[in-house]
Amino acid sequence: MQLEAVDYTAPDAAKQFTESLRNTGFGVLKNHPIKQETVMAIYQHWQAFFESDDKHNYQFKVDTQDGFFPRSVSEVAKGFSVKDIKEYFHYYPWGQCPDALKAELQAYYDQTLSLASELLSWVEKYSPAEVSANYSQPLSEMIKGSEKTLLRVLHYPAFDGDEEPGAIRAAAHEDINLLTVLPAANEPGLQVQQQNGEWMDVPCDFGTLIVNIGDMLQEASGGYYPSTTHRVINPSGERQEHARISLPLFLHPAPDTVLSERYTAGGYLTERLKELGVM
């Protein structure tokens, strides 16, 4: 079973999209404004970066969480003991980035953030009155001016036979933020867990845009929008020789944004980063 893509240009796109989010935690869009050639260029340029030694000149900073995270410090998903098989780069407009790659990445960041703000407004529009009444401010306003929204360039290396037993590219997890927006990766593997516990493939047709709910939106909506468990499974056969690049944009409110009576966005983020072992 696969998720059906919603046509972004359809008159009822917002309704279809939010229904998919509500029912599965995920939405898939086609005919959206993000150009495929832009994404392809970023994938190519960052694949070269991850294959170079230059990446080690951008080692991440613990206090700001920007820069390159090598496989040796890769995340351990909550409830797991083995590190994911991945390395990644955290890009913020204010953070470190190779000069040759920054303009292209910033342009993508700006365009995708604009689209993401629209998607958040869709989510709010189709939230029942009793749910939206608990939002401390409009959802799209929560990310305005936030310096915490993160663009992560993820690299899942081709397999070399030295992978740790039991490790997979990304163990089952939920995202921390409000919404995650990512173009289809250059290789398959993303799966979402259904309510019955079974795993469903997320389309990786190039040109589709995948959106999922994070824990912060689940918290802010009192559970109405579910933060759904997902993973990236290991390739098999000849696909083990292929690296995988992914480009998720994680929408984070400003730290002082009130999510619920229990949490601000900053307090929630710090708690989860400590659980992940990267802070």
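Think of each chain on its own: its residues are numbered from 1, step by step along the sequence as written. Totals for whole chains, interfaces and linings use every residue, but because this is a predicted model, local features are given only for residues with pLDDT of at least 70 and side-chain atom pairs only at 80 or more, for both listing and counting. To obtain the side-chain values, all non-hydrogen atoms of the structure were included, while hydrogens and water were left out.

This part takes up the pairing of strand β8 (residues 190-193). Strands were regarded as paired on the criterion that DSSP finds at least two bridges between them. By the criteria applied, helices consist of DSSP H or I runs no shorter than four residues and strands consist of E runs no shorter than two, each listed in order from the N terminus. With three bridges connecting them, β8 and strand β11 (residues 230-232) associate as antiparallel partners. Bridged to Q191 within β11 is R231. Judged from the three bridges that link them, β8 and strand β9 (residues 199-201) form a sheet pairing that is antiparallel. Note that in β9 the partner of V192 across the bridge is M200. Taken together, β8 and the strand that follows it, β9, pair antiparallel across an intervening segment of five residues, in which G197 is found at a positive phi of about 95°.

Another point: the pairing of strand β7 (residues 179-183). Note on classification: 1.4 Å probe, protein chains only; a residue is buried when its accessible area is under 20% of the maximum for its type, exposed when over 50%, partly exposed between these limits. Of all five residues in β7, five are buried, a share of seventy percent or more. Residues L179, V181 and P183 line one face of β7 and the alternating positions T180 and L182 line the opposite face, and both faces are buried. Pairing geometry for β7 and strand β10 (residues 209-213), over five bridges, is antiparallel. The partner of P183 across the bridge, within β10, is L209. Both β7 and strand β13 (residues 249-250) contribute to a ladder of two bridges, which runs antiparallel. Residue V181 lies in a different strand from β13, and its bridge partner there is L249.

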